[in-house]
Each structure stands twice: as C-alpha cells, then as structure tokens.
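Chain by chain, the residues run as shown.
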Amino acid sequence: MSGESEKAVFEVPVGPQHPALKEPILLLFKIEGDIIDDVMARPAYTHRGIEKATEARNYIQNIYLCERVCGICSGIHTLVYTQGVERLAGVEPPPRAKYIRVIFLELERIHSHALWLGVAAHELGFDTLFYYVWRDRELVMDLLELVTGNRVNYAMSTVGGARRDISDEAAHQIKKGMEIFRRRLDVYTGVVEKDPTVRKRVVDVGKLSPHKAVELCAVGPTLRATGVKRDVRADDPYQAYDEIPFNVATYPTGDVLAQIMVRVMEMYEAANIIDYALDHMPKGPIRTKVPWNIAPNEVISRGEAPRGELFYYFKSNGTEKPERVKIRTPTLANLPAVCEMLKGYHIAEIPIVFASIDPCLSCTGRFAFIDERHDRSWVWTGEQLRAYRRRYYKWQNR
Amino acid sequence: MMREALGVVELLVFPGFLFLSWLALYFEWVDRKFYAKLQYRYGPLYTGPKGFLQPFADFVKLLAKEDIVPAAVDRFLFTLTPILMLALAFYALFYVPIVPMVRNVAFGAFEGDLILVIFVLTMVGFLKFLAGWGSTNRFSAVGAVRTAFQLLGYEIPLAVVLLTAGMGAGTLNISLIAQKVASNGILASALLPALAISIVCFQAELERIPFDIPEAEQEIVAGWLTEFSGRRLALFRFATDLELTLAAALTAALFLGGPYGPAIPLIPVQVSYFLWFMFKTTVIVMVLANIRALFARLRIDQMVHFSWRHLLIAAVAEAIFIQVLLAAGVIA
Amino acid sequence: MAMESELVGASLRRPVTLRYPFERRPVPPRFRGRLSWDAEKCVGCGMCVQVCPAFALELVGKGPMAELRYYLNKCVFCSQCVESCPRDALTMTEEYELADYKHKIYEFRRK
C-alpha cells in the first residue's frame, strides 16, 4: 500500500482517429488513475506540401492555393497572402477594398467562432446547443454567400484589392443579419452562463495561467482567455483596423469558460466592427493595377485569424514565382499551450479542453524531424523526400 | 379452455411479445422524432409515414450486417449478454400492466413483483458492465467501469422511490399499485415528486444525456458497446428500446396509474386501458427526450456526487413524506 | 435548464432542415459554378491557362482558333480565369450538382 512509490502510470493514445478529434492528431497521454500526468502531441498526419507547391505556381495562382490551407479561415489566409504580395510589389489597395476585406474577415470570424461554439457544445455532449448554434451560423454563411458567391472558399481578396464590391442593398442585409445574430447570441451567452451542467464541465477546467500562456507563445483567443490583451488587429493594425474602434475581448480566468466567453465577446465585437465598417466605407475603386515585376525581396505579413495570429513569410527571387512561402498557422502556436492545459485534469475532459483551442490540425502539418534523445533537429530536402517516397512504395509493394 | 387460449394470445400477441416489440420500436420513434423536433430537425422521415418504420428498418439492417467477433473477447460473455439483456427486458415487462384486458392485472402479476422488476433493472445494468468488460477493449473497459459506477449512483434512489409507491399503496404488486394510484387522487399527487425522481433515475438507467457517460461518444467512442456489431448490436439496441418501454410503462404504472384511469364514455374499458396507457407512456417518453435535449453530459464523478447528494436525499425525504401521510391517515 | 424556452419554441416551429433532393435553395447571385466558354469571343490568348491555380484548363491547338479543354475534376471554382479573360469569353454558370463517378473533362469546341 505504498501509494507514493508505485505510481500506476499507463499510456492512453487518443487519435489519430478518435471521435472527439475531427482531424488527425495523436495525443499520447500518461494517465495516473483518472488524471492526466503528461501529454505528448504529434500533429502532421496530413502533410499536404502546400508550402512546396507555392514554389511551383505564380503569385496569382498562389492566392487560391493559400486559400485552401484552411477550410474555415480561408478568408484570412488569402488576405495575409495578398497583403504580403502587395508589400513585395509595393502597391497599396484602395481604401474601399480595405473596408470590404475587413467586413468579410469579420463575417468569417463570426462564422468560425459560431462553428467552434457548436463543436464545443458537441464535445460537452450538449447536442441541442450544437444544432441551435449551427442553425444560426447559417445566417452568417448566407451573408457571406451573398457577398462573395460561395460558402467556404470566398476568393474575395486579390493582390491589389478586393474582387467584389458590397452593394448598398447587401450592406443593408448584412446589418439586418447582424441585428438578428446579436439577439441569438444573447440566448447562447445566457445558456453558457446559466446552465448548471455546462457550468460544471467548463468552470475551472483546463486552466492556463497568463504567465504560462505567454511563455508557451499561445496566440489568439487562447491567450486572451487568460487575460492577456494581445491581438494583431490592435497591436499591429492591418487593412482598415486602425480606423475602426473596437475592444480586444479578454476574460481573466483562463479556463474553458473563459475560452467560450472570449469567443462570444469577439462575435459581438465583430458584429460591431461590421456595422461600423459598413457605415464608414469610403466610396471609390476596389482594385488597383499591380505591376507584376517583383524584385528579389523578403517580407512578412500577419493577421489575426479567428484562431490567433497567422504569419506568412515571403522571399521573392525576381521571377513570377515566389522562392519561399512560409506559413505559421495559429493552431501550431497553440499546441504547446493545450498540452499544458490538459495536465492535471480527468480523461473525460480531454475532448473539451483540447477542442477549446479550436484546433485546425490539417493546417498544421509541417515536415521537420526532432530527435529528443540526441537533441537535434533536421529538415528533409525535396531530394530526400523523393528518396523516402521510393523506399516507401517499394516497401508497400513488396 | 377459453381462458387458456386467451392467455396464450396475451403472452404472444397482445400485450405480449408482438405488441411489446411494436411498442419498443414505437417509443424509439417517438424519442427520435421528438428529440429531432426540439433541435429543429426532422428526424426519421422517409421510411413509412413520417419515418415510423425507421427503427424497424434499422433493426433489420443491423441484423443483416456482418457480425464481427474480435479475437481477444470473451466469446461466452460476448454472445450471452445481448441475448440475456433482451430476455430480461421482455421478462420484466410481463409484470408491468400494459393493457390488462383479460384479468385486469398484468400477465405475471403476483404480490412482490415490484421487487422482481427492481432486481431485473439492476441485472440489466450489470449485464452492460459484463458486456463491456468481456469486450477487453480499452474504451469498452472504461465504459463498463463507468456503467458500474453509474449503477451505484442511480440504483438506490430508484429503488427507494419505486418502493415508496408500493408503500403508499400498501402492496408490492405493480398492477394493484397502479389501480390504487389511479383511483386515489391524493396518493397520486403525493407521489408526484417521486415521479420526477424516478424519471431522472431512469434517464441514468437508460444512459441518456446528461447521464450518457458510459457511452460518451466524444470520450470513449461507444463505451461498453464499442466492439459489438451486426446481430449482437441489433439485439442490444432492441433491448435498449425495450428498457425504454419498461421505464415508461413502470413509471406510468407506479406514479400515474398506468392503463387504469377514468372511464372514457362510449368506449369499452379495454380500449380505454389502451388509450390511457399510450397517452401516459408517450408523454413520459417525450419528457425523457426533452431532458435529453436540455443538458450537457456530466462527468462520472459529478453524476455519482449528484445522485448521492441530491437524488438519494430527495428519494428518502419522499418516502418519509408518504409514511407521514399514511400515519396521519390522509391516504386512505 | 436555460434552454427550455428555446426548446418550447422549437417544438412549435418547422424544422430548418432542407430536404435536399426535394427542396433546393436559390443560388446566390455571385455563385461560381461550372465554367462555360463562349467560342465567339475567345481569341485563344491562353491567359486563363496561365492563371489557373489548379491546372484545370488546357489549350488545344494554337493561335486564335485554339480550343479549350476543361478538367472539371481539377477545377477549384475560383473564377480567376473569368477575371483574367481579356474578352470575357468565360463565365461561371449556376450549376453545382457536379459529382460524378468518372473524371469529367469538357472539350469546348468551336462549331
């Protein structure tokens, strides 16, 4: 009966296929009783080679390739890409284009957060809330469809401006939609704040201290849920965000409830930003001509995706194709933080705590090797990758 | 002779196996349809009128599917548990008054059958544990342990409230309790808190939200059911439907008078039994579905905590309340 | 408990599910569906082929009489070709039920 010397630690793998995780990731848990002792995350089951593929396409083709890095935040990916290429080419989009971009980005933020709220409810086993939130998310999806033409890949932002204008009629409809959405949001805020079963599952679960969050380089709502006021839109304003007043939503507690509340508050903020932007949208052209002779240069571009800071690095070599495009998606930055959040909680809390960072794992696949035991890391070149592919298929067909 | 022939009909057709099977599928349909309605969905839609035949179609489809037996399972338990669970659920239903046309009481009614039904309810929970444990799957094992934990939580308050009804009526024969409750308005209204407690307990027994912890999809795949497929899964699903029927029928009988109720004019008493029974049980199933739509899933420790802290105390308080009323002579 | 009033509302209203093959929503005004090609306007410049991010377009033949081959299975419906076309020979239709068992390749022909 020496409880201290014999710790019954066993390993539980969750994923890469598991009903709680919609996308492939392996979380290897060290469990002591019912409590999580340690966790190791292994992403990159869906390496799609997008960064490499950008080198084979010209700057226009890459707009649509980068749009497909993520299915939910496709708008911000095109925006950050086009913003970077605009910096490379030295063009400035017209002011009306900036406002149009802000409007559809904020609509996208609402739809992404609403989607997340539904998923979080589903992870809590609260399927009714899930259906209700997704039903009202359709409102925003319809508005996005109205403005951009399609539901998922908006293809709205292009180098030098926006591809489609927002008519006065559409603006009126968006405003009306935001009014309805705000009222629906009030209902869900009430549910999350008052429902006893939801509160039992989210209060004081998955706690992260602000100190630790900053140390682990958490970004976006995950960081803001710990009370740290950090938002690319406010700290390094891009597009029209420096002309639009808005609050950076924070919540002090750092648990799953805080994650929910921060995202709910951001939805309210986004609705306000859309209203303001529609009212103050300047008249004028929506595109400028882009001189397509891009000199060798290096730039970075970043923006606040619904999940946090999205970062692009560009290197041009004077041709029509980029030499290197590096993408850092927010989920990758949040993975160390979520591993920390999971420690010390029950197995039953794995789904909701892991879902609370709004993981978007298929955007996260990167190819780098890290050997912990020998403390070295390396990256494969294209030639090595091809050699591996030959070996792999030989092994498969043996 | 006539009496025996009627008995065979009662056993096999109405309200025996055939009717019970129909009833189980009907309740599954009500449950799914109402749950969907509460979530702005249609639910089953195309199989039969308003999707009425969907549960039956699902059952037949599952029967036709491949039945996989993993190499590591305990074959004996793996085969026994679905059959036994189905058999037990059917067995218990013969002691609950459904539509007692022939003898005015349930088919197998005897003094003390309430105890037997409570025992069967516990056995069903225990069989779920055995089914999960025998699967030797990680998720099944966790689900099985959670089932057992949950059983510890809801079983005692459930037994207490069910026996409270017997106490109030002064008998342990479910049919007689139902008759007494139906004829005694004071007793019926005194038993209303017990009705609420028993509905919560049955929600846990049936492993539905907020107590679907042993089957928590997002945490442990399908819990104790994970390894079952094909015929065995079909039997388990059917047994679960029968369990829902049992829960609805038992709650209706003990707290609402079951098939007995005020005579409806111009209608023979047997038909009024049927109408009263269907009305009461359908309402109970809809209430169960409403609870399912209303909550998030609890954690297992929170569930046990809730049962012992609140449910059990409420159940005991209700039993004392009924005793006081009996002693004071309010309930004749 | 906080959702009970919402549930009551739901039980009184119609479901929102779209019974898809029987009910269809109207296509939004800017919808990007299958590509169509106007032979009269096309001058065979090949801009569309150059900008296509999915390599879904191919010129068959050379010069002003060139024809277009359109790989529907590769198309990502970004409508960059429509935007880049100097003669507005390409448009996006409102067709969206395009799933098929085989890879669909459209040979756009000049009559």
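Report on the accompanying structure. It should be emphasised that the depicted structure is a prediction, and the values quoted were computed from it without experimental measurement.

Let us look at the overall build of chain B. Secondary structure summary: chain B contains 13 helices and 0 strands in total. In chain B, the succession of helices and strands from N to C terminus is α-α-α-α-α-α-α-α-α-α-α-α-α. Relative to a compact globule of 332 residues, whose C-alpha radius of gyration would be 20 Å, chain B shows 20 Å and is just as compact. C-alpha atoms of chain B, sized along the principal axes, occupy 60 × 50 × 40 Å. Buried positions account for 58% of the 332 residues belonging to chain B. Restricting to contacts in chain B with at least 6 residues of sequence separation, those with at least 24 account for 79%. Only carbon and sulfur atoms are counted for the fraction: they give 74% of the accessible area of chain B, which is about 13,100 Å².

Okay, the side chain of R299 of chain B next. Within the secondary structure, R299 of chain B is located in the loop between α12 (269-294) and α13 (300-328). Every residue in contact with R299 of chain B, bar those within four places of it in the chain, is listed here: R201, H346, A348 and E349 of chain A together with I213 of chain B.

What links the strands of a sheet is backbone hydrogen bonding, and the strands pair in either a parallel or an antiparallel sense. All names here are of chain A. Read across the open sheet, the 3 strands follow the order β1-β2-β3; overall the sheet is antiparallel. Looking at the sheet topology across the chains shown, the edges are occupied by β1 (9-14) and β3 (35-42). Along the sheet, successive strands turn relative to each other by an average axial angle of 20°, direction set aside. Where strand β2 (residues 26-32) meets β3, 7 bridges bridge the pair, whose relative direction is antiparallel. When the bridges of β3 are listed, I31 appears paired with I36.

Right, let's talk about the packing of helix α2 (residues 17-38) of chain B against helix α3 (residues 54-64) of chain B for a bit. All names here are of chain B. At their nearest, the axes of α2 and α3 sit 8 Å apart, and the two run at 115° to each other. The angle between α2 and α3 falls in the class roughly perpendicular. In contact with L25, E28, W29 and R32 of α2, α3 contributes Q54, P55, F56 and D58. Within the contact of α2 with α3, the residues separate by chemical class into 4 nonpolar, 1 polar and 3 charged.

The next point concerns helix α6 (residues 138-169) of chain B. All names here are of chain B. Its 32 residues give α6 an end-to-end C-alpha distance of 46 Å, which sits within 8% of 46 Å, the value for a rise of 1.5 Å per residue. Along α6, the sharpest change in direction is near 30° and occurs at Y154; proline P157 comes one to four residues later. The residue sitting at the N-terminus of α6 and contributing the capping side-chain oxygen is N137; that oxygen lies 2.6 Å from the backbone nitrogen of F139. Two residues or fewer past α6, G170 is found with a positive phi of approximately 75°.

Moving on, we come to the interface of chain A and chain B. In this complex, chain A contributes 25 residues to the contact, which on the side of chain B involves 23 residues. Taking both partners together, chain A and chain B bury about 2,200 Å²; carbon and sulfur atoms supply 56% of that area. Across the chain A-chain B interface, the total number found is 1 salt bridge. The shortest N-O distance in the salt bridge between E349 of chain A and R299 of chain B comes to 2.0 Å. At the boundary of chain A with chain B, the tally comes to 9 residue pairs in polar contact (both at pLDDT 80 or more). Among the secondary structure elements, those contributing two or more residues to the side of chain A that touches chain B are β1, α4 (95-123), α5 (127-148) and α7 (196-202) of chain A.

Take the interface of chain A and chain C next. Every contact between the two is made by 32 residues of chain A and, on the other side, 22 residues of chain C. For the pairing of chain A and chain C, the buried interface totals around 2,400 Å² over both sides, and the portion due to carbon and sulfur atoms is 49%. Contact with chain C buries surface across chain A, with Q61, Y64 and Y132 of chain A losing the most and accounting together for 21% of the total. Where chain A packs against chain C, one counts 5 salt bridges. For R163 of chain A, the salt bridge is made with E83 of chain C, and the minimal N-O distance between the two is 2.3 Å. There are 20 residue pairs in polar contact (both at pLDDT 80 or more) connecting chain A and chain C. Going through the elements one at a time, α2 (59-67), α5 and α6 (168-194) of chain A are the ones with two or more residues in the side of chain A that touches chain C. Broken down by element, the side of chain A that touches chain C gets its largest block of residues, 9 residues, from α5 of chain A.

Here we take up the sheet that holds strand β8 (residues 322-328) of chain A. All names here are of chain A. Overall, antiparallel pairing links the 3 strands, which are arranged β6-β7-β8 in an open sheet. Pairing within the sheet leaves two strands with one partner each, and these edge strands are β6 (297-305) and β8. Between one strand axis and the next, the sheet turns by 15° as a mean value, whatever way the strands run. Note that β6 and strand β7 (residues 308-316) share 9 bridges and pair antiparallel. Note on β7: the bridge partner recorded for R302 is F311. In the packing of helix α3 (residues 74-89) onto the sheet, the strands contacted are β6, β7 and β8, and the crossing angle to β6 comes to about 150°.

Turning next to the packing of aromatic side chains. Within this structure, the stated rule accounts for 37 aromatic pairs over all chains. Between the aromatic rings of Y132 of chain A and Y40 of chain B, the centroid separation amounts to 5.3 Å while the plane-to-plane angle is 65°, which identifies the pairing as edge-to-face. On the criterion of chain membership, the pair formed by Y132 of chain A in helix α5 and Y40 of chain B in the loop between α2 and α3 is interchain, its members lying in two chains. Exposure class is identical for Y132 of chain A and Y40 of chain B. Each is buried. Aromatic side chains W29 of chain B and F52 of chain B sit 5.0 Å apart centroid to centroid with 65° between the ring planes, which places their arrangement in the edge-to-face category. Linking W29 of chain B in helix α2 with F52 of chain B in the loop between α2 and α3, this pair joins segments that are 23 residues apart in sequence. Within the aromatic cluster, the residues linked to one another by ring pairs are F19, W22, Y26, F27, W29, F52 and F274 of chain B. R135 of chain A extends its terminal NZ or CZ atom over the ring of Y132 of chain A, reaching a point 5.6 Å from the ring centre.

Let's shift gears to a nonpolar patch on the surface. On the surface, V8, V9, L12, V13, F17 and L18 of chain B cluster together into a nonpolar patch covering about 500 Å² of accessible area. Ranked by residues supplied to the nonpolar patch, first place goes to helix α1 (residues 2-12) of chain B with 3 residues.

Among the nonpolar cores identified, the biggest contains 227 residues, and F29, I166, I174 and Y312 of chain A are the most heavily contacted of them. Here the element with the most residues in this core is helix α11 (residues 230-256) of chain B; it accounts for 16 residues. Ignoring sequence-local partners within four residues, the contact set of I174 of chain A consists of I103, L107, L143, V147, I166, I274 and L278 of chain A. Judged by nonpolar contacts, the second largest core, of 19 residues, contains C42, L68, Y70 and C81 of chain C.

Residues and elements named next belong to chain A. Structurally, the position occupied by I327 is in strand β8. Classification of I327 as buried rests on a relative accessible area of 2%. Linking I327 and K283, residues 44 residues apart in sequence, is a C-alpha distance of 33 Å.

Calculation rules
- Residues numbered from 1 in each chain as written.
- Chains lettered and ligands numbered in written order.
- Predicted model: local features only at pLDDT ≥ 70, side-chain atom pairs only at ≥ 80, totals over all residues.
- Heavy atoms only, no water.
- Helix = DSSP H or I, 4+ residues; strand = E, 2+ residues; numbered from the N terminus.
- Rg over C-alpha atoms; globule rule 2.2 N^0.38 Å.
- Buried < 20%, exposed > 50% of the residue type's maximum accessible area, 1.4 Å probe, protein only.
- Contact = heavy atoms within 4.5 Å.
- Areas by Shrake-Rupley, 256 points an atom, 1.4 Å probe, with all protein chains shown as cover.
- Pairing = 2+ DSSP bridges.
- Axes fitted to C-alpha atoms, helices over the stretch in contact; angles between N-to-C directions.
- Parallel < 35°, antiparallel > 145°, perpendicular 65-115°, else oblique.
- Nonpolar A, V, L, I, M, F, W, Y, C, P; charged D, E, K, R; others polar.
- Expected span 1.5 Å × (residues − 1).
- Bend = angle between axes of the 7 residues up to and from the residue.
- Polar contact = N/O pair within 3.5 Å; in protein donor to acceptor, adjacent residues only side chain to side chain.
- Buried area = accessible area lost by both parts, 1.4 Å probe.
- Salt bridge = Lys/Arg side-chain N within 4 Å of Asp/Glu carboxyl O.
- Phe/Tyr/Trp six-rings, centres within 6.5 Å; stacked < 30°, edge-to-face > 60°.
- Lys NZ or Arg CZ within 6 Å of the ring centre and 35° of its normal.
- Patch = residues over 30% accessible without salt bridge, like charges linked within 9 Å, V, L, I, M, F, W, Y side chains within 5 Å.
- Core = buried A, V, L, I, M, F, W, Y, C linked by side-chain atoms within 4.5 Å.

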